[in-house]
Protein chains: 2
Amino acid sequence: MAFWKKFFKNINMFNQDKNSINIKKEYLAEDLILIKHLENQGNHNDIYISTGKNINLYELEQLCDSVGWVRRPLKKVKLAIDHSFVTICVFYKNNKSKKLIGFARATSDTVFNATIWDVVIHPNFQGKGLGKALMDQIVIQLRYSDISTITLFADPHVVSFYRRIGFITDPDGIKGMFWYPR
Amino acid sequence: MAFWKKFFKNINMFNQDKNSINIKKEYLAEDLILIKHLENQGNHNDIYISTGKNINLYELEQLCDSVGWVRRPLKKVKLAIDHSFVTICVFYKNNKSKKLIGFARATSDTVFNATIWDVVIHPNFQGKGLGKALMDQIVIQLRYSDISTITLFADPHVVSFYRRIGFITDPDGIKGMFWYPR
Ligand SMILES: CC(C)(COP(=O)(O)OP(=O)(O)OC[C@H]1O[C@@H](n2cnc3c(N)ncnc32)[C@H](O)[C@@H]1OP(=O)(O)O)[C@@H](O)C(=O)NCCC(=O)NCCS
Ligand SMILES: CC(C)(COP(=O)(O)OP(=O)(O)OC[C@H]1O[C@@H](n2cnc3c(N)ncnc32)[C@H](O)[C@@H]1OP(=O)(O)O)[C@@H](O)C(=O)NCCC(=O)NCCS
């Protein structure tokens with residue numbers, strides 16, 4: 001979390017001053033949750049998390065481009081989002097602009113099992129605790145629905161990232177498997 | 001497939017005689033697909049696969065009991081089935097009775113990814129090629145929807161069963177992970 005201390009002079013989580021409360025109200029209507037409200041010499045810099053599905057697909061495509069993921073047809077991306085049980089977006093907003101900087105989603109049977117896919121934080125915002133906030137939020141949402149088996153498939157370079165969130169590999173020897181045409 | 005040869009005198013896949021065609025028609029209305037039609041001295045013994053979701057939950061509970069799985073509230077099982085993208089049932093039917101002897105389901109975003117859960121064949125019918133038929137069918141259904149990432153989590157004792165279906169473990173080092181409270 002060193003970033004916040006370096007980047008901004010005043011760190012105020014859920015700052016209770018008049019402005020931040022207004023901002024919070026404004027965004028709650030859009031299903032946004034303020035996770036960090038930061039002020040730097042009069043500039044507002046906020047990070048929001050949203051569970052809403054009204055996602056700008058072009059912004060999402062740019063976000064996926066930024067980490068080098070293969071492009072997917074937007075029509076299919078829309079369908080995948082519609083059929084995901086939970087989607088989480090992370091937004092950055094300052095006085096001038098609002099930008100999608102993080103995303104994750106989970107498929108689920110809504111009661112027993114869920115699988116998390118497409119976890120991403122924009123490179124400019126990586127290493128600042130936002131990936132953890134995103135993952136914590138998706139786990140909270142799934143646990144809120146009483147889902148006990150929360151799973152994912154981790155690329156080798158991010159296994160230790162997920163370990164820090166509380167995920168473990170191959171518990172009791174259970175192996176993740178993928179189908180490939182024989 | 002040795003079972004079929006041992007257990008029945010005449011093995012006829014999609015037997016084209018009058019009786020079997022009648023049986024096929026009868027069941028197609030219920031969304032059942034005849035995968036094996038067998039005759040033994042005038043007795044009809046058939047194995048059907050169904051993709052329908054009109055599943056008898058008590059029969060499914062008995063099937064899960066038969067392999068020692070922990071019981072789950074039927075209300076939740078119903079919700080999980082409703083929110084699964086594909087469910088496959090295997091039925092055994094002779095002149096006297098019809099019985100649910102196999103089950104599998106998959107959650108999915110309907111376009112990119114799917115995860116298969118709750119794969120089971122009744123112990124009396126294991127080792128006879130039905131688990132493979134069940135898995136082949138669920139893969140066919142998912143591939144029909146153009147889903148490219150078909151995944152599952154395998155208990156250690158069934159990893160080699162899934163390998164024979166065409167699943168592989170940890171491709172390119174991708175690890176299956178489960179969330180546990182820290
Ligand atoms: C993986 C990713 C989402 C992490 O997001 P992030 O915002 O950089 O992560 P955070 O800053 O919240 O890191 C949380 C913790 O994990 C650690 N961490 C972050 N990325 C890590 C990595 N790749 N490997 C190991 N640890 C990592 C951090 O050091 C931090 O540890 P700490 O709590 O001890 O300080 C992000 O790097 C990303 O989008 N990568 C590209 C896309 C990708 O690979 N997605 C995963 C596909 S399976
Ligand atoms: C796993 C299960 C679905 C397999 O069904 P089945 O009808 O017995 O399997 P099949 O007869 O179609 O077997 C297909 C192939 O896999 C092999 N196989 C079957 N069970 C196996 C096992 N447990 N380990 C290794 N190989 C196995 C068979 O020998 C056969 O090989 P072949 O094609 O070379 O002849 C069944 O044993 C079962 O329901 N087990 C209990 C529940 C369970 O553990 N489910 C999986 C949870 S992850």
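Every value quoted in this text rests on a predicted model; they were computed, and no experiment measured them.

Considering the overall build of chain A
Part 1 of the argument: Looking only at helices and strands, chain A has 6 helices and 9 strands in total.
Part 2 of the argument: A buried classification covers 51% of the 182 residues belonging to chain A.
Part 3 of the argument: Counting contacts in chain A only where the partners sit at least 6 residues apart, residues at least 24 apart contribute 56% of the total.
Part 4 of the argument: Accessible area for chain A stands at about 9200 Å²; split by element, carbon and sulfur atoms hold 52% of it.

A short note on the site of ligand 2
Residues and elements named next belong to chain B.
Part 1 of the argument: Near ligand 2, the surroundings consist of 20 residues, among which G127, G129, G131, K132 and R164 are the closest.
Part 2 of the argument: Between a nitrogen atom of ligand 2 and a main-chain N or O atom of V119, the distance comes to 2.8 Å.
Part 3 of the argument: Interatomic distance of 2.7 Å between a backbone N/O atom of K132 and an oxygen atom of ligand 2.
Part 4 of the argument: In isolation ligand 2 has 920 Å² of accessible area, and contact with the protein removes 73% of it.

Section: the packing of aromatic side chains
Part 1 of the argument: Tallying each qualifying case throughout the model produces 11 aromatic pairs over all chains.
Part 2 of the argument: Each ring, one from Y162 of chain B and one from F167 of chain B, has its centre 6.1 Å from the other, and the planes form 70°; the classification is edge-to-face.
Part 3 of the argument: On the accessibility criterion, Y162 of chain B (7% relative accessible area) is buried.
Part 4 of the argument: Every member of this aromatic cluster is reached through a ring pair, and the members are W117, F153 and F178 of chain A together with W117, F153 and F178 of chain B.
Part 5 of the argument: A cation sits over an aromatic face here: R72 of chain A above F112 of chain B, 4.3 Å from the ring centre.
Part 6 of the argument: Here the basic side chain of K98 of chain A rests over the ring of F91 of chain A, its NZ or CZ set 4.4 Å away from the ring centre.

A look at unusual backbone geometry
Residue and element names in this part refer to chain A.
Part 1 of the argument: The backbone of D118 sits at a positive phi, close to 55°, despite the residue not being glycine.
Part 2 of the argument: Looking at the element boundaries, D118 is found in strand 6 (residues 113-121).
Part 3 of the argument: Since its relative accessible area comes to 17%, D118 is described here as buried.

Considering the site of ligand 1
Residue and element names in this part refer to chain A.
Part 1 of the argument: What surrounds ligand 1 is a group of 20 residues, the closest being G127, G129, G131, K132 and R164.
Part 2 of the argument: In the model, an oxygen atom of ligand 1 is placed 3.1 Å from a nitrogen or oxygen of the K128 main chain.
Part 3 of the argument: Taking G129, its main chain carries an N or O atom lying 2.8 Å from an oxygen atom of ligand 1.
Part 4 of the argument: Computed on the free molecule, ligand 1 has an accessible area of 900 Å², of which 73% lies beneath the protein chains in the complex.
Part 5 of the argument: Counting residues per element, the shell around ligand 1 draws most heavily on helix 6 (residues 159-165), which supplies 4 residues.

A closer look at helix 4 (residues 74-82) of chain B
Part 1 of the argument: Residues of helix 4 of chain B that are buried: V77, A80 and I81 of chain B. Taken end-on, helix 4 of chain B shows its buried residues confined to a sector of 100°, consistent with a single buried face.

Remarks on the UniProt feature "domain: N-acetyltransferase" (unreviewed entry) in chain A
Part 1 of the argument: The sites that UniProt annotates as "domain: N-acetyltransferase" (unreviewed entry) are residues 53-182 of chain A.
Part 2 of the argument: Secondary structure content for residues 53-182 of chain A is 32% helix and 33% strand, while the C-alpha to C-alpha distance between its ends is 37 Å.

Section: the interface of chain A and chain B
Part 1 of the argument: At the junction of the two partners, chain A supplies 51 residues and chain B supplies 51 residues.
Part 2 of the argument: With both sides pooled, the region where chain A packs onto chain B buries about 4700 Å², and carbon together with sulfur makes up 63% of that total.
Part 3 of the argument: For the chain A face of the interface with chain B, the top three residues by lost area are M177, F178 and W179 of chain A, together amounting to 19%.
Part 4 of the argument: Inspection of the chain A/chain B interface yields 6 salt bridges.
Part 5 of the argument: Salt-bridge contacts for D109 of chain B lead to R105 of chain A; the nearest nitrogen and oxygen are separated by 2.9 Å.
Part 6 of the argument: Taken together, chain A and chain B are joined by 19 residue pairs in polar contact (both at pLDDT 80 or more).
Part 7 of the argument: Going through the elements one at a time, helix 4 (74-82), strand 5 (98-108), strand 6, helix 5 (130-144), strand 7 (149-154), helix 6, strand 8 (167-169) and strand 9 (175-179) of chain A are the ones with two or more residues in the side of chain A that touches chain B.
Part 8 of the argument: With 6 residues, strand 7 of chain A is the single largest residue contributor to the side of chain A that touches chain B.
Part 9 of the argument: For the side of chain A that touches chain B, the class distribution of residues is 23 nonpolar, 13 polar and 15 charged.

The rules behind each value
Residues numbered from 1 in each chain as written. Chains lettered and ligands numbered in written order. Predicted model: local features only at pLDDT ≥ 70, side-chain atom pairs only at ≥ 80, totals over all residues. Heavy atoms only, no water. Helix = DSSP H or I, 4+ residues; strand = E, 2+ residues; numbered from the N terminus. Buried < 20%, exposed > 50% of the residue type's maximum accessible area, 1.4 Å probe, protein only. Contact = heavy atoms within 4.5 Å. Areas by Shrake-Rupley, 256 points an atom, 1.4 Å probe, with all protein chains shown as cover. Near = heavy atom within 4 Å. Polar contact = N/O pair within 3.5 Å; in protein donor to acceptor, adjacent residues only side chain to side chain. Phe/Tyr/Trp six-rings, centres within 6.5 Å; stacked < 30°, edge-to-face > 60°. Lys NZ or Arg CZ within 6 Å of the ring centre and 35° of its normal. Arc of directions from axis to C-beta. UniProt positions renumbered as here; feature names shortened; annotations may be inferred. Buried area = accessible area lost by both parts, 1.4 Å probe. Salt bridge = Lys/Arg side-chain N within 4 Å of Asp/Glu carboxyl O. Nonpolar A, V, L, I, M, F, W, Y, C, P; charged D, E, K, R; others polar.

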